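# Architecture and fold: a report
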Amino acid sequence: MPIDPPDGESPAGAPSLGTSSASWPSVGTPRAPRADARRNRDRVLEAAAEVVAEQGTQASLRDVARRAEVGLGTLYRHFPTREALLEALLHHRFERLAERADALAASAPPGRALTDWLYEFTLGASAYQGLPATLMATLADEESPLHAACVTMRQAGGRLLEAAQADGGVRRDVTAVDLFALVNALSWATDQAPALAERREHLFGLVMDGLKPR
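Here's a quick rundown of the structure. (Residues numbered from 1 in each chain as written. Predicted model: local features only at pLDDT ≥ 70, side-chain atom pairs only at ≥ 80, totals over all residues. Heavy atoms only, no water.)

### What about the overall build of the protein chain?
Secondary structure assignment for the protein chain yields nine helices and zero strands. What you see in the protein chain, going N to C, is helices and strands ordered as α-α-α-α-α-α-α-α-α. The buried share of the protein chain, reckoned over its 214 residues, is 38%. Taking as baseline every contact in the protein chain between residues at least 6 positions apart, the subset at least 24 positions apart corresponds to 68%. (Helix = DSSP H or I, 4+ residues; strand = E, 2+ residues; numbered from the N terminus. Buried < 20%, exposed > 50% of the residue type's maximum accessible area, 1.4 Å probe, protein only. Contact = heavy atoms within 4.5 Å.)

In structure tokens, the structure reads:
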């Protein structure tokens, strides 16, 4: 397996003994990422998307490094923790869902906007095995790198919920936390029992029926 050098640094992270001090970056001057470092980061993310899809959110980081054809040290240099890697991997997905909520709010009736967004959320939460459980744990952990992205996504859904409630289509006693827990539970069920994926639309309809005013 090819092992990449650690992005232009010695294993200890300092210039080699033969390097002239004149070539060192000046103190306080940020250095732009080298092209090979950017390529390595992109390769790790591409490999992570494949491995996490196969193994779930607890995928082996060693397998990710092997698939990306970089050393494990290179992977950790870019992503010091598993959550940091997941945050980078999932950031675009969460950002897209938040943007999608705003787009639906501007183009569809409140009830339809909420329904469409929640269904897209359930599909997204089922993209990787173990992701529904990871999402719930992340929301409870303010120190998690994924926390802010999850909260932003939930707030976007919360705005759709408030609009649907104001329009009379959803019970007033439902909160954004309730809503997120319900649809995430549906995603978790299909994650744990893949046979239920065929019943996803039916189960989703039951959840939405439960949100209607009494």
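After that view, the rundown keeps rolling.
### A look at helix α8 (residues 176–192)
Note that an α-helix has 3.6 residues per turn; residues three or four places apart therefore point the same way. Over its 17 residues, α8 runs 24 Å from end to end, which matches the ideal 24 Å to within 8%, given 1.5 Å per residue. Looking at the buried side of α8, the elements it contacts are α5 (110–125), α6 (131–139), α7 (147–166) and α9 (200–211). (Expected span 1.5 Å × (residues − 1).)

### Re α6
Of the residues making up α6, those classed as buried are Leu131, Pro132, Thr134, Leu135, Thr138 and Leu139. What you see down the axis of α6 is that its buried residues fit within an arc of 160°, all on one side. Contact partners of the buried residues in α6: α4 (82–107), α5, α7 and α8. (Arc of directions from axis to C-beta.)

### Some remarks on the packing of aromatic side chains
When we look at a pair of aromatic rings, we describe it by the centre distance and by the angle of the planes. Counted under the stated rule, the structure contains three aromatic pairs. For the ring pair tryptophan 117 and phenylalanine 121, a centre distance of 6.0 Å and an interplane angle of 20° mean the geometry is stacked. Placement of both tryptophan 117 and phenylalanine 121 in helix α5 is noted, with a separation of four residues, approximately one turn of the helix. Given a relative accessible area of 3%, tryptophan 117 falls into the buried group. Taking relative accessible area as the criterion, phenylalanine 121 reaches 2% and is therefore assigned buried. (Phe/Tyr/Trp six-rings, centres within 6.5 Å; stacked < 30°, edge-to-face > 60°.)

### Examining unusual backbone geometry
Even without a glycine there, the phi angle at glutamate 69 is positive, about 60°. Tracing the chain through its elements places glutamate 69 in the loop between α2 (61–68) and α3 (72–78). Accessibility expressed as a relative area gives 40% for glutamate 69, which makes it partly exposed.

### Section: the pattern of salt bridges
Within this structure, the stated rule accounts for nine salt bridges. One salt bridge connects arginine 67 with glutamate 50, and the closest N-O pair in it is separated by 3.0 Å. Of this pair, arginine 67 sits in helix α2 while glutamate 50 is found in helix α1 (residues 35–55), placing the two residues 17 residues apart along the sequence. Measuring nitrogen to oxygen at the nearest pair gives 3.3 Å for the salt bridge that ties lysine 212 to aspartate 209. Each of Glu50, Glu54 and Arg67 takes part in salt bridges that share partners, so that together they form one network. (Salt bridge = Lys/Arg side-chain N within 4 Å of Asp/Glu carboxyl O.)

### Some words on the packing of α5 against α9
At a closest axis distance of 11 Å, the pairing of α5 and α9 adopts a crossing angle of 135°. Overall, the two elements α5 and α9 adopt an arrangement that is oblique. The interaxial crossing formed by α5 with α9 has right-handed handedness. Together, Thr115, Leu118, Tyr119, Thr122 and Leu123 of α5 and Arg200, Glu201, Phe204 and Met208 of α9 make up the contact between the two elements. Split into classes, the residues belonging to the contact of α5 with α9 amount to five nonpolar, two polar and two charged. (Axes fitted to C-alpha atoms, helices over the stretch in contact; angles between N-to-C directions. Parallel < 35°, antiparallel > 145°, perpendicular 65-115°, else oblique. Left-handed = near helix turned anticlockwise from the far one by under 90°. Nonpolar A, V, L, I, M, F, W, Y, C, P; charged D, E, K, R; others polar.)

### Re the packing of α1 against α2
A packed helix pair is summarised by two numbers, namely the angle formed by the two axes and the spacing between the axes. Orientation of α1 relative to α2, taken along the N-to-C sense of each, is 130°, at an axis distance of 8 Å. Comparing their axes, α2 and α1 come out oblique. Crossing of α1 over α2 shows right-handed handedness. Here α1 contributes Arg43, Val44, Ala47, Ala48, Glu50, Val51, Glu54 and Gln55 to the contact with α2, which in turn contributes Asp63, Val64, Arg67 and Ala68. Of the residues contributing to the contact of α1 with α2, the split by class is six nonpolar, one polar and five charged.

### Some remarks on the side chain of arginine 200
Positionally, arginine 200 belongs in helix α9. Although arginine 200 is buried, it forms no salt bridge, and the closest oppositely charged side chain is glutamate 201 at an N-O distance of 7.4 Å. If we skip the residues at most four places from it in the chain, arginine 200 touches Tyr119, Thr122, Leu123, Ser126, Leu186 and Thr190. (Lys, Arg positive; Asp, Glu negative; His and termini not counted.)

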